[in-house]
Amino acid sequence: MPKSQILSWNLAFLSKEAISITISTIIFLIFIGVISGIINSIIGMASLISYPALISVGIPPVLANASNTVALISSGISSTLSSLRELKGHWKSACPVILLNAVGGLIGSILLLHSSNEAFSKIIPFLIFFAACTILIPTKHQDKKATAKSIFWEYVLLGLVGIYVGYFGAGAGVIMIAILSRITNSSYNVYNATRNVATLASNLMASIVFILVANLYWKEIIILAIGLFIGGFIGPIIVRYIPTKIMKNGVGIFAIFLSIYLFIKAFF
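Residues numbered from 1 in each chain as written. Predicted model: local features only at pLDDT ≥ 70, side-chain atom pairs only at ≥ 80, totals over all residues. Heavy atoms only, no water.

### Topic: the overall build of the protein chain
- Helix and strand counts for the protein chain come out as 12 helices and zero strands.
- The buried share among the 268 residues of the protein chain stands at 49%.
- A fraction of 84% describes how many contacts in the protein chain between residues 6 or more apart in sequence connect residues 24 or more apart. (Helix = DSSP H or I, 4+ residues; strand = E, 2+ residues; numbered from the N terminus. Buried < 20%, exposed > 50% of the residue type's maximum accessible area, 1.4 Å probe, protein only. Contact = heavy atoms within 4.5 Å.)

### Focus on the environment of Ala-172
- Mapped onto the elements of the fold, Ala-172 is located in helix α9 (residues 172-183).
- On the basis of relative accessibility, which here comes to 2%, the residue Ala-172 falls in the buried class.
- Non-local contacts of Ala-172, meaning those with residues more than four positions away in its chain, are made with Val-161, Tyr-164 and Val-165.

### Here we look at the packing of aromatic side chains
- Counted under the stated rule, the structure contains six aromatic pairs.
- On the numbers, 6.0 Å between centres and 65° between planes, the contact of Phe-263 with Phe-268 is edge-to-face.
- Since its relative accessible area comes to 74%, Phe-268 is described here as exposed.
- Ring pairing ties together the aromatic residues Phe-126, Phe-263, Phe-267 and Phe-268, which thus form one cluster. (Phe/Tyr/Trp six-rings, centres within 6.5 Å; stacked < 30°, edge-to-face > 60°.)

### Structural notes on empty space enclosed by the protein
- On inspection of all chains with the given rule, the structure shows two cavities of 30 Å³ or more.
- Among the elements of the structure, α4 (61-81) and α10 (188-213) are those that each provide at least two residues to the lining of the second largest cavity.
- Class assignment of the residues belonging to the lining of the second largest cavity gives a composition of three nonpolar, seven polar and one charged. (1 Å grid on protein atoms, 1.4 Å probe; cavity = no way out; pocket = protein on both sides within 12 Å on 5 of 7 lines; lining within 4 Å. Points joined across faces, edges and corners; volume = space filled by probe spheres on them. Nonpolar A, V, L, I, M, F, W, Y, C, P; charged D, E, K, R; others polar.)

### Notes on a nonpolar patch on the surface
- Together, Phe-126, Ile-253, Phe-257, Ile-260, Phe-263, Ile-264, Phe-267 and Phe-268 make up a nonpolar patch on the protein surface, roughly 860 Å² of accessible area in all.
- Sort the elements by how many residues they give to the nonpolar patch and helix α12 (residues 244-267) lands first, with six residues.
- Within the fold, Ile-253 resides in helix α12. (Patch = residues over 30% accessible without salt bridge, like charges linked within 9 Å, V, L, I, M, F, W, Y side chains within 5 Å. Areas by Shrake-Rupley, 256 points an atom, 1.4 Å probe, with all protein chains shown as cover. Salt bridge = Lys/Arg side-chain N within 4 Å of Asp/Glu carboxyl O.)

### Quick notes on the environment of Leu-113
- Mapped onto the elements, Leu-113 comes out in helix α6 (residues 91-113).
- When its relative accessible area of 8% is taken as the criterion, Leu-113 is described as buried.
- Between the C-alpha atom of Leu-113 and that of Tyr-167, which follows or precedes it by 54 residues, the distance is 8.9 Å.

### Side note on the side chain of Ser-78
- Residue position: Ser-78 is located in helix α4.
- Not counting the four nearest positions on each side in its chain, Ser-78 is found in contact with Phe-229, Gly-232 and Phe-233.

### Side note on the side chain of Ser-75
- Inspection of the secondary structure assignment puts Ser-75 in helix α4.
- The class for Ser-75 is buried, based on a relative accessible area of 1%.

### A look at helix α2 (residues 23-43)
- Taking 1.5 Å as the rise per residue, α2 with 21 residues should run 30 Å; its terminal C-alpha atoms sit 30 Å apart, in good agreement.
- After α2 finishes, the residue Gly-44 shows a positive phi value of roughly 70°. (Expected span 1.5 Å × (residues − 1).)

### Concerning the confidence of the model for the protein chain
- For the protein chain, the average pLDDT comes to 81, and 85% of its residues sit at 70 or higher.
- By mean pLDDT, helix α1 (residues 3-14) is the weakest element of the protein chain at 43, and α2 is the strongest at 91.
- Every residue in residues 1-12 scores below 50 in pLDDT, and together they form six contacts with partners more than four places removed in sequence or on other chains. (pLDDT = per-residue confidence, 0-100.)

See below:
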């Protein structure tokens, strides 16, 4: 890429259009934040809802994704705090996953910084569709004992998921759960807790890059983060009454329609 093009893109990324914050926008973003936080604590799909919400209030795609990543830290903190009990005695196995996701988040954020708004808009529909398929297609559990070679490649996949979290992240939680279920004999609660902390690590690394480089929409981030933090605590309570399968299928179907809508918007 020519230096002039990189400089031109960086200047565009560092600039932003002012968006007026109305009472209705505040209520909307808090509501979306709560719903996204709930979804995130159940199946890790917050971005499928929070990212389009930021787009709808007028934030350009790349900056919307960067702002969304920073806002998601609040949900990550609340879910991590509630996961500490499950992680007791499991930090040794969790640390490699967390480290891989942290490094991946850094790489993913750099990839995002080199994506134009137009290119990112055209990639997102496919990522969301893939995330929807990941949710809706049942996971086949195998009884075979994992080999050292298979565990190596699954850890490689975890690193790639970390990159995906830093780049966009919708559906990454579900993919990570699927991988962790294959490389650990722990219960769902334990590897879901590992996923919560690992995702937070990835989002933190990506957010550091975005904060240093991008001119983020801080008002929108703070408002959305308030809702995400609340939703992160409400989610576990709701899970007691609504089966996870129903939630997963609902979000999966929503993701398919969203990917179709964004595909039409990007290409037609």
